[in-house]
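Now for the letters of each chain:
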Amino acid sequence: MTSTLKHFDAIIIGTGQAGPSLAARFASAGKTVAIIERDKFGGTCVNTGCTPTKTLVASAYAVHVARRGAEYGFDIGDVRVDMKRVKARKDAVSGSSSKGVEERLRGMTRCTVIQGQASLQSSNTVTVNDEILEADKIYINVGGRARIPDMPGIHDVPFLTNSSIMDIDFLPEHFVIVGGSYVGLEFAQMYRRFGSEVTIVEMGPRLIGREDEDVSQAVREILEAEGIHIRLNAKCLALEKRAGGVAVRMECMEDPKEVTGTHVLLAVGRVPNTSDLGLERAGVTTDSHGYIVVDDQLQTNVSGIWALGDCNGRGAFTHTSYNDYEIVADNLFNSDHRRVSDRIPAYALYIDPPLGRCGMTDREIRKSGRRALAAKYPMSRVSRAYEKGETQGFIKISVDAETKQILGAAILGVGGDEVIHVLLDVMYAKAPYTVIERAMHIHPTVAELLPTILSKLEPFA
Ligand SMILES: Cc1cc2nc3c(=O)[nH]c(=O)nc-3n(C[C@H](O)[C@H](O)[C@H](O)COP(=O)(O)OP(=O)(O)OC[C@H]3O[C@@H](n4cnc5c(N)ncnc54)[C@H](O)[C@@H]3O)c2cc1C
């Protein structure tokens, strides 16, 4: 039974990283907006992604430093982790963020918050629960979810994803993590530090295969040094029930061809939440992976419908989703012609030490055919890292030999997730790297080494 049509200036589906801010922008411009959420407010980042994982990473880091107490001059005996308290801390941080998003939305004048599954009925109507909503502008911010590969045994054994793992308050004895990319590695290191035995099963020849080989290798060494078992070139073929756990059967050159853990986490990529959205009724085009096809200003092929965040396949991060909001809002309200293609790739991998990345990888630079210069510097020679006793990793920067602009950088090391922004902002300014060479940086910091490193540029190998 459906009710009467309700009209709004805009309808937003999803309360991820773009939707709530866009709702606020509409409301403050005097427009009416309906925002629909089927699950927890705040979406992936707040509930099952960045916020809970980085809270858990912080607990794992504290445990790790405590275990290294003797190196720093203190002794606290056996370090025992209470996973119930670790989870409670994570829930408190995550829960308050989600509550904050909900309260912000419910407190907005001209904003109607609706909980339920939204479905497009046409290019300007959406149904949710028993209501039909109409608007000339519809914004889709539905995000994605963990990919569950269709393999033998998948329906017969218990497994965890980045969402269901948020509910566990115990320590898996032996955690097998399928997938050696960004999500898998963060969980691998944190659970190892909490005390699990951890095995990573990765089908590629190296971890984080999109990164440069030296980055993959250094990350592998960091994880192996903490006792994490890593199986590369090992394709997970099937899951099988075993006494006390789950066996992951692999196609691989090396033996054994099976690893049995008490628990398995599947971290093998993400899929967009677009299959149950009624996109076909509105005529919205998706690509072969289900991502909504958008133009440089995030408009779909249907006039009046935009797609923002992970569901458009143009980014897979909180900051790309938020940047999508800025692009859409500035184009609409400020006539500022912002485009997705103006943004520079940037992200971090939150293992410890973290990896901060911006711009092109070495492989991309080589492929571009341009003449480049590069410099690499070990963290062991950065005094801040040395003083902190955290000397793993390196800093690597590449610049264009002609324009002197920075092409890309990887900072794997203490503070790498923050220091990378020094380079990123110079890239956005389209300024030559020599600006950094002449800047006075604070001592002792990791960033103070950037001018020194840039003075050592050599032809790109
Ligand atoms: C384990 C993990 C760690 C991560 N860590 C980081 C990190 O450190 N840094 C970073 O930048 N990114 C990180 N990410 C990625 C980041 O979480 C996502 O890129 C980001 O949350 C995507 O936001 P979004 O706005 O696209 O959508 P989402 O945040 O996914 O929100 C979409 C919302 O839409 C709702 N929805 C979906 N369909 C419907 C429907 N039909 N009707 C109503 N509502 C609907 C969903 O319930 C959800 O609330 C991580 C991801 C994971 C999985």
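Below or above, wherever it landed, is the structure these notes cover. Remember, predicted model here, so these are calculated numbers, not experimental data.

Around the ligand sit 39 residues, and of these E37, T44, K54, D310 and S321 come closest. At 3.1 Å from a nitrogen atom of the ligand is found a side-chain nitrogen or oxygen belonging to Q117. Backbone polar atom of T318 to an oxygen atom of the ligand: 3.0 Å apart, as the coordinates give it. If the ligand stood free it would expose 1,000 Å²; the protein chains cover 94% of that surface. Contributions of two or more residues to the shell around the ligand are made by β2 (33-37), α2 (43-47), α3 (50-67), α6 (182-194) and α9 (318-333). When grouped by side-chain class, the residues that make up the shell around the ligand number 13 nonpolar, 19 polar and 7 charged.

Another point: the nonpolar core. Judged by nonpolar contacts, the single largest core of 50 residues is most densely connected at I13, L22, I36, L105, Y139 and I140. Not counting residues up to four positions away in its chain, the partners in contact with I13 are I36, A118, V126, I138, Y139, I140, N141, V142 and L277. Core analysis: the next-biggest nonpolar cluster, separate from the first, contains 39 residues, L207, I208, L232 and Y347 among them.

Turning next to empty space enclosed by the protein. Tallied over the entire structure, the rule returns 3 cavities of 30 Å³ or more. Estimated volume of the largest cavity: approximately 50 Å³. Every residue along the wall of the largest cavity is listed here: L56, M83, V86, K87, K90, I165, M166, I168, F187 and Y191. Looking at the lining of the largest cavity, the elements with two or more residues in it are α5 (83-106) and α6. Ranked by the residues each element gives to the lining of the largest cavity, the list is headed by α5, at 4 residues. Tallied by class, the residues present in the lining of the largest cavity amount to 8 nonpolar, no polar and 2 charged.

All chains considered together, the criterion is met by 8 aromatic pairs. With a centroid separation of 5.5 Å and an interplanar angle of 90°, the aromatic rings of Y191 and F194 are classed as edge-to-face. Remark: F194 and Y191 occur in helix α6; sequence separation between them is 3 residues, near one turn of the helix. When sorted by exposure, Y191 lands in the same class as F194, which is buried. Between F317 and Y347 the ring centres are 5.3 Å apart and the planes differ by 5°, which places this aromatic pair in the stacked class. Of the two residues, F317 sits in the loop between β16 (305-307) and α9 while Y347 sits in strand β17 (residues 346-349), which places them 30 residues apart along the sequence. The buried category is assigned to Y347, whose relative accessible area is 16%. Positioned above the aromatic ring of F394, the side-chain terminus of K376 is 4.2 Å from the ring centre.

Along the chain, D362 falls in helix α10 (residues 362-368). On the accessibility criterion, D362 (13% relative accessible area) is buried. Ignoring sequence-local partners within four residues, the contact set of D362 consists of D212, K396, S398 and F460.

With that settled, the discussion passes to the sheet that holds strand β8 (residues 174-178). The 4 strands lie next to each other as β10-β9-β8-β14, forming an open sheet whose pairing is parallel. Edge strands, defined here as strands with exactly one partner in the open sheet, are β10 (229-231) and β14 (263-266). Taken over all neighbouring pairs, the strand axes of this sheet differ in orientation by 20° on average, direction set aside. In terms of strand pairing, β8 meets strand β9 (residues 197-201) through 5 bridges, oriented parallel. Each bridged residue has a counterpart across the sheet, and for V178 the counterpart in β9 is V201.

Turning our eyes to something else, we now look at the layout of surface pockets. Of the voids in this model, the second largest pocket is the one considered here, and its volume is about 360 Å³. Lining the second largest pocket are 17 residues, and of these I344, Q405, I406, M427 and K430 lie nearest its centre. Listing elements by their share of the lining of the second largest pocket, those giving two or more residues are β21 (406-412) and α12 (416-428). When residues of the lining of the second largest pocket are assigned to their parent elements, the largest contribution, 3 residues, is made by α12. By residue class, the composition of the lining of the second largest pocket is 9 nonpolar, 4 polar and 4 charged.

Below, the discussion takes up α9. With 16 residues, α9 should reach 22 Å at 1.5 Å per residue; the first-to-last C-alpha distance of 22 Å fits that figure. Burial in α9 covers these residues: T320, S321, N323, D324, Y325, I327, V328, A329, D330 and N331.

This part is about the environment of G143. Within the secondary structure, G143 sits in the loop between β6 (131-140) and β7 (144-146). On the basis of relative accessibility, which here comes to 13%, the residue G143 falls in the buried class. In this structure, G143 is in contact with P272, N273, D310 and C311, ignoring residues within four places of it in sequence.

With that settled, the discussion passes to the packing of α3 against α6. Contact pair α3 / α6: the axes reach a minimum separation of 9 Å and the direction vectors enclose 40°. Judged by the inter-axis angle, α3 sits oblique to α6. For the pair α3 and α6, the sense of crossing is left-handed. Mapping the contact onto sequence places T53, K54, L56, V57, S59, A60, Y61, V63, H64 and R67 in α3 and E186, F187, M190, R193 and F194 in α6. Taken together, the residues of the contact of α3 with α6 sort by class into 8 nonpolar, 3 polar and 4 charged.

Moving on, we come to the side chain of N273. Turning to its location among the elements, N273 is positioned in the loop between β15 (270-272) and α8 (279-282). A relative accessible area of 8% means that N273 is categorised as buried. Polar contacts involving the side chain of N273 include one to the side chain of R145, which spans 2.8 Å. Aside from chain neighbours lying at most four places away, what touches N273 is R38, V142, G143, G144 and R145.

Attention shifts here to the pairing of β8. Burial analysis of β8 places 5 of its 5 residues in the buried class, the great majority of the element. The β-α-β motif built from β8, the intervening α6 and the parallel element β9 has right-handed crossover chirality. With 4 bridges connecting them, β8 and β14 associate as parallel partners. If you follow V178 over to β14, its bridge partner there is L266.

Rules behind the numbers
As a convention, each chain's residues are numbered from 1 in the sequence order in which they are written. Given that the model is predicted, a residue must reach a pLDDT of at least 70 before its local features are reported, and side-chain atom pairs must reach 80 or more before they are shown or counted; all residues, however, enter totals for whole chains, interfaces and linings. Side-chain measures were taken over the full set of non-hydrogen atoms in the model, leaving aside hydrogen atoms and water. Only a single heavy atom is needed: when it lies within 4 Å of a molecule or strand, its residue is near that molecule or strand. Here a polar contact is taken to be a pair of N or O atoms separated by no more than 3.5 Å, where protein atoms must pair a possible hydrogen donor with a possible acceptor and residues adjacent in sequence count only if both atoms sit in side chains. With residues, only the protein chains shown are counted as cover, and all accessible areas are computed by Shrake-Rupley using a 1.4 Å probe. Secondary structure elements follow DSSP: runs of H or I of four or more residues count as helices, runs of E of two or more count as strands, with numbering from the N terminus. Note on residue categories: nonpolar means Ala, Val, Leu, Ile, Met, Phe, Trp, Tyr, Cys or Pro, charged means Asp, Glu, Lys or Arg, and polar means any other residue, Gly included. Nonpolar cores were defined as sets of buried Ala, Val, Leu, Ile, Met, Phe, Trp, Tyr and Cys residues, with membership established by side-chain atoms within 4.5 Å. Residue exposure (1.4 Å probe, protein chains only): buried if accessible area is under 20% of the type maximum, exposed if over 50%, otherwise partly exposed. The criterion used for residue contact is that any of the two residues' heavy atoms lie within 4.5 Å. Cavities and pockets were defined on a 1 Å grid built from protein atoms only: a cavity is a group of points that admits a 1.4 Å probe but offers it no way out, a pocket is an open group of points flanked by protein on both sides within 12 Å along at least five of seven lines, and a lining residue is one with an atom within 4 Å of any such point. Grid points are joined across faces, edges and corners, and a volume is the space filled by probe spheres set on the points. Centre distance within 6.5 Å is the pairing criterion for rings of Phe, Tyr and Trp, where only the six-membered ring of Trp is used; planes under 30 degrees apart are then read as stacked, over 60 as edge-to-face, and the remainder as tilted. Charge-over-ring contacts are defined here by two conditions on Lys NZ or Arg CZ: a distance within 6 Å of the ring centre and an angle within 35 degrees of the ring normal. Strands were regarded as paired on the criterion that DSSP finds at least two bridges between them. In this analysis, axes come from line fits to C-alpha atoms, helices being fitted only over the stretch in contact, and the angle between any two N-to-C directions falls in the range 0 to 180 degrees. What a helix is expected to span follows from its residue count: subtract one and scale by 1.5 Å. Between 65 and 115 degrees an angle is taken as roughly perpendicular, under 35 as roughly parallel, over 145 as roughly antiparallel, and anywhere else as oblique. In this scheme, a crossing is called left-handed if the near helix is turned counterclockwise away from the far one by less than a right angle; it is called right-handed if the turn is clockwise. By convention, orient the strands away from the viewer: a clockwise path from the first strand over the helix to the second makes the crossover right-handed.

So yeah, pure geometry; function would need other evidence.
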